[in-house]
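Each chain, written out:
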Amino acid sequence: MACFERDGIFAACILHLISTRKDIVKTYQEFKQVDYPHIGESILQYWKENQIFEKSIANRDGAETFTFFEGPPSANGTPGIHHVMARTLKDIFCRYKTLKGFQVKRKGGWDTHGLPVELQVEKELGITKEDIGTKITVEEYNKKCRETVMRFKNEWDDLTEKIGYWVDLDDPYITFDSKYIETLWYLLKKLYDKDLLYKGYTIQPYSPAAGTGLSSHELNQPGTYKDVKDTSITAQFKLKGEENTFILAWTTTPWTLPSNSALAIGENLDYVKVKTFNPYTHEAEFVILAKARMAAYLNPKANDLKVEDYKAGDKLIPYEIVAEFKGKDMLGWGYEQLFPIDALALPNPAFTVVSGDYVTTEDGTGIVHLAKAFGADDFRTLVQNNVPGVFVKDDLGNDIPVVDKQGKFLPVVGEYLAAKMKEHGITAHKEYGASDFYVKNYTEDDENAPDYKNTDVIISIILKNENKAFKVEKYEHSYPHCWRTDKPVLYYPLESWFIKTTAYKDRLVELNKTINWKPEATGTGRFGNWLENLVDWNLSRSRFWGTPLPIWRTSDGTEEKCIGSIAELNAEIEKSIAAGYMEKSPYEGKELDLHRPYVDDVVLISEKGEKMFREPDLIDVWFDSGAMPYAQWHYPFENEEVFKANYPADYIAEGVDQTRGWFFTLHAIAGMLFDSVAFKNVIANGLVLDKNGNKMSKRLGNAVDPFKTLKEYGPDALRWYMLSNANPWDNLKFNLDGVTEVQRRFFGTLQNTYNFFALYANLDAFVYDKSKAVPVAQRAELDQWIISKLQSLIAEVEEAMDNYDATRATRAIMNFTVDQLSNWYVRLARKRFWRGDMNADKQAAYETLYECLLTLTQLMSSFAPFYSDWLYNNLTETGAEGKESVHLTDWVAADQALINSDLEASMDLAQTISSLVHSLRKKEKLKVRQPLQRILIPVLSKKVQAQIEHVEDLIKTEVNIKAIEYIDDASGILVKDVKPNLPVLGKKLGPKMRFVVAAIKSWGQDEIAQIEREGKFPVAVEGETIEILLDEVLISSQDIPGWSVASDAGVTVALDVTLTDELKQEGVARDLVNRIQNLRKDMGLEVQDKIKIQVAEGNELVTKAVQSFGEYIQSETQALSLKLSAEAEKGTVLDMDDFEIAVLVEKA
RNA sequence: GGGCCUGUAGCUCAGGUGGUUAGAGCGCUACACUGAUAAUGUAGAGGUCCGUGGUUCGAGUCCACGCAGGCCCA
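So, here is what we can say about the structure in this document. (Residues numbered from 1 in each chain as written. Chains lettered and ligands numbered in written order. Predicted model: local features only at pLDDT ≥ 70, side-chain atom pairs only at ≥ 80, totals over all residues. Heavy atoms only, no water.)

## Focus: the sheet that holds strand β18 (residues 537–538)
Just so we agree on the cut-off: For two strands to pair, DSSP has to find at least two bridges joining them. Segments assigned H or I by DSSP are reported as helices when at least four residues long, segments assigned E as strands when at least two residues long, and all are numbered from the N terminus.
With antiparallel pairing, the 4 strands of this open sheet are ordered in space as β4-β3-β16-β18. The open sheet terminates on both sides in strands that have one partner only, identified here as β4 (212–213) and β18. Taken together, the 2 bridges between strand β16 (residues 490–499) and β18 define a ladder with antiparallel strand orientation. Counted as the bridge partner of F498 is N538 from β18.

Structure (structure tokens):
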């Protein structure tokens, strides 16, 4: 069978191998090249066939649960590469916790409601919102939405599987499901019963011409914003308690001035009080405005003029600053109502100065006029400061603004304005009555009339006459218009349903402090600040496809009922039918569907016997997803036990853009209704950008296709790259070169290491058997060292993963594999594998390498689930202990007893020393093949010497030297160097540091000897003597006079470069071995093939080398014979760098 | 405009509590090794630690103010 060939690509055979593993020849499979994507596919198939995922959960029945919540994606678009990031991050901790013994149930889910789907459907059907209910029925429309929203479910499932994200895709929760909605209604009713669901106002864009509110999406239609010229007024608000002193505030909507109830300043902005004159009335006065805005209101040319010299009518108006202060000094100042209409009078703290974080000095006066009814900022600021707004009562006693829904002032203002027109003799194109003052929605007839004056202009004239306007001018700005009527939009209070989150603000803040956020700043900063500035959650959406608000109301709004379950709905319907308000249930003979339009057909009967109609709103889709902990189990109607065992979540992860979305709604619902957090640990991952740091977009064509990437690189390298490159909460500049690098550097190295193991293990017929393994304590130092390193690695990975730090874990694994295992352990241990017959040392080497590899498969299995399982299967198929999958194994904790830090320190020294000798050899142009007699190492303590002696053999082999000699103080040739130990000295000396440092640096050998002898050394600083103690300086060996030395990390090495004849001969012998090995390879010989060698006579050096080192040459080259002979001239002429020699090699 | 994040070598990133000459990998250059060989080792070049002030004997690290990029919210 092709699988058993040495060379070739084998991934294709894996499936077969695994399925027949019990019957195959006992051997470790060898692979020259690895097809990572194919490994992904075949292992995926293996998991499916053997139900590994299901087993990983079933195996943990009865174990402690680890709960994960899936934030539901929407399947109306295709998944992108950033979803690979998000889903990988979700997956790894669930896999890790499974290994650690937890049962981790993971239910998939789909977010199905909301605007994106609706817009997509509108686009596809070529309709607008207005057409729904006319050109197309709501029923048909919602049917289309339902189809569209799951359109790409298959692509999503496909990606989820291919990247190895283990989640239950067969039984997901779906937010449009009636059962799901029933739980939402249950939760809403709970809120309602706790008085946390109320109807209030929110300031929204409103088209008076169309009589309808506009969504932000409608406002973002092209052409909505137009440049228009409006009358702008800088009004004078008279400060209470001070004569002739006015706060200046600028507005482009003068019609909102009668509704003014506060002024906003920027706390850190600079303000001035200026003595000057009103340009219209010429009255002397003081005005207050931002210092940075003076030039816009006070002509700098008048700077030199004296205030006293001003005469009414002068063109240049002089001014003089009389006081300066910060915005925060103005907080709480009171002023008189601009339009003193009795019906609009307000109690304190109305008409005061408050703080607004949006106030700038870019335009206006640096002071912003606030009208609660007509601006979202205004509304929010006034609510936060408890300042009442200007409203009047309607017939039912509700507060309504002074502008009606046609965009016209109510008579209460109209009368006042009409009277003022008469008083000031203002004439216009027509006589204005109390009900004639439109504020935006002017009729065309009026606008085209000569001498037309609109309300803004009339207000301006009145204010000018009454010394209440400092500046009036036409101002061109961009203003939104209704896309349907082309008329300007008003910001206007519209009714909405709210969840009173503010009532639970303190508790939500408290609970948040118990959540482990990664990164922390997202929890304390972004999320924490958001909670601190919480406003009530606006739940209403005026759309069609979504969860209906389960509230029915009488027409006059005096009675209402909130429905909390399907059973309750049906019971109420029965009552209504009995009362004759409905003929029959809309659900009679039909499948239950709680969506519109069916639910709208339900008319209920109130306590008093009135008809009640459903409030037409849908709820915010974020409520849908925030309720998933309960609704995914149809709690409390079903699965109460499952819910309780899986709440709250131990872990969730989503993009940082979800902070105010899912993270918040989960937190709010849990805190308000269950007095609990919804999740204990959370990772908020960053964005995936293109390699240049730009946002990926399909339109720009820089989006990376996840399927294509998976096909090319396989899932493991992709996952590994995303986790190890940077912390997941930083933005990732996604670069395929990075994936290649991970594949080559980490997976390639690991694969090479495995191949090395497999090659020799098969030759030696080695099979790992734990019960017969050589005890670690009896293995070679090198083995003990790598086992020690391995235990440290396990501990580090465990600690990192327990702390939700995948980047640290992956990097640690990578460094161990590449630097320690491959580049040091295997390199130094190689000869043990290829020499001689099986013995205890050789077996220990195999066992050590095997144990490292096997442990690695488990450590990396969370991150690279496919490759690790593949490798695990390759390693374990010959042994009895292998489980079906690495994902079904139990975590093997680090064995502290095997950690040997002394040995690790020794090995660090060996690595440093070897590196130094290499560098010296290079400097002296002495290649490693040339043996050298000795190196000298100065040692400052017996301990260091002992540590090096421990690894002497390794060093000698690695750098090809015969001996290591140590030089200590007694040798008398050591030159030492001294440096101040800055962290220690700094604490003791403070400012005197620099004198002492200078003194220490000037020390010679005598001073160093003295402090070593006496443990202290006096230094004179500014007449004072300071004792420097031995542990306040760092002493190192610096040099050995007359030798070629190199130093690093406190270690110094000197190389003896003397070449004796014997060394030269040995060098030649090794050169010969090298050349003959190359010949063997050229001849295409297998490793185990034997040869016969003949070497030409005549070169004295070669002759001596063959005589002295013949045995060595023979054993290295698998030669049965080696002789000097003239025959050799028929063979190959070898280039020995300095000379040439002919050699004849034949297969034996 | 506000909140939060990021800025260190050509690229991707490390750099507890301030402390000696700021590191790694990749890439580049040169050399070496050669029974892991499409592997490996060594060395070299490469830095205004975003900027400006400040605190300190000493700042990549702490503080302030900026600049650039990003996310969310207005």
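Anyway, onward from the coordinates.
## Notes on unusual backbone geometry
Omega for the peptide link from Y635 to P636 comes to 0 degrees, which places this bond in the cis form. Here the residue pair Y647 and P648 is connected by a cis peptide bond, since its omega of -5 degrees sits within 30 degrees of zero. Take P648: it is sitting in the loop between α21 (640–645) and β25 (649–655). Even without a glycine there, the phi angle at Q51 is positive, about 50 degrees. Inspection of the secondary structure assignment puts Q51 in the loop between α2 (36–50) and α3 (52–58). Here Y804, not a glycine, exhibits a phi torsion of approximately 55 degrees, which is positive. By the secondary structure assignment, Y804 is in the loop between α26 (781–802) and α27 (806–834).

## A look at the pattern of salt bridges
Pairing between side chains of opposite charge can happen when their charged atoms approach one another. Our working definition: Think of a salt bridge as a Lys or Arg side-chain nitrogen and an Asp or Glu carboxyl oxygen that are within 4 Å of each other.
Counted by the stated rule, this structure contains 64 salt bridges. A salt bridge links D593 to R146; its shortest N-O distance comes to 3.3 Å. Taken together, the positions of D593 in the loop between α18 (566–579) and β22 (603–605) and R146 in helix α6 (residues 138–149) put the pair 447 residues apart, joining distant regions of the chain. Through salt bridges with shared partners, one network takes in E70, R87, K90 and E654.

## A word on the pairing of strand β32 (residues 1016–1021)
Operational definition: Note on exposure labels: buried denotes an accessible area under 20% of the residue type's maximum, exposed denotes more than 50%, and partly exposed covers the range between, all computed with a 1.4 Å probe on protein chains only.
Residues of β32 alternate between two faces, with F1017, V1019 and V1021 buried on one and K1016, P1018 and A1020 left unburied on the opposite face. The pairing of β32 with strand β33 (residues 1024–1029) spans 6 bridges and is classified as antiparallel. Note on β33: the bridge partner recorded for V1019 is I1026. Connecting the antiparallel pair β32 and β33 is a turn made up of 2 residues, with E1022 showing a positive phi of about 45 degrees.

## Brief notes about the side chain of E958
Which entries qualify depends on this criterion: Residue contacts follow a heavy-atom distance rule, with two residues in contact if any of their heavy atoms lie within 4.5 Å.
Its place among the elements puts E958 in helix α32 (residues 952–959). Classification of E958 by relative accessible area gives buried; the value is 12%. Not counting residues up to four positions away in its chain, the partners in contact with E958 are R827, L828, S914, H918 and V928.

## Notes on the packing of helix α16 (residues 505–512) against helix α22 (residues 659–674)
To be explicit about the condition: To define axes, lines are fitted to C-alpha atoms, for helices over the stretch in contact only, and angles between the resulting N-to-C directions are given on a 0 to 180 degree scale. For classification, angles of less than 35 degrees are called roughly parallel, those exceeding 145 degrees roughly antiparallel, those between 65 and 115 degrees roughly perpendicular, and all remaining angles oblique. Crossing handedness is defined as follows: a turn of the near helix away from the far one that is anticlockwise and smaller than a right angle gives a left-handed crossing, while the clockwise case is right-handed. Residue classes follow a fixed rule: Ala, Val, Leu, Ile, Met, Phe, Trp, Tyr, Cys and Pro count as nonpolar, while Asp, Glu, Lys and Arg count as charged, and any other residue, Gly among them, counts as polar.
In the contact formed by α16 and α22, the axes pass within 10 Å of each other and the chain directions differ by 115 degrees. As summarised for this structure, α16 and α22 are arranged roughly perpendicular, according to the angle between their axes. Here α16 runs over α22; the crossing is right-handed. Counting all contacts with α16, which are made through L508, L511 and N512, the residues of α22 involved are H667, A668 and G671. Residues that form the contact of α16 with α22 fall into these classes: 3 nonpolar, 3 polar and no charged.

## A closer look at the environment of S478
With respect to the helices and strands, S478 occurs in strand β15 (residues 469–480). In sequence terms S478 and K229 are 249 residues apart; their C-alpha atoms lie 8.8 Å from each other.

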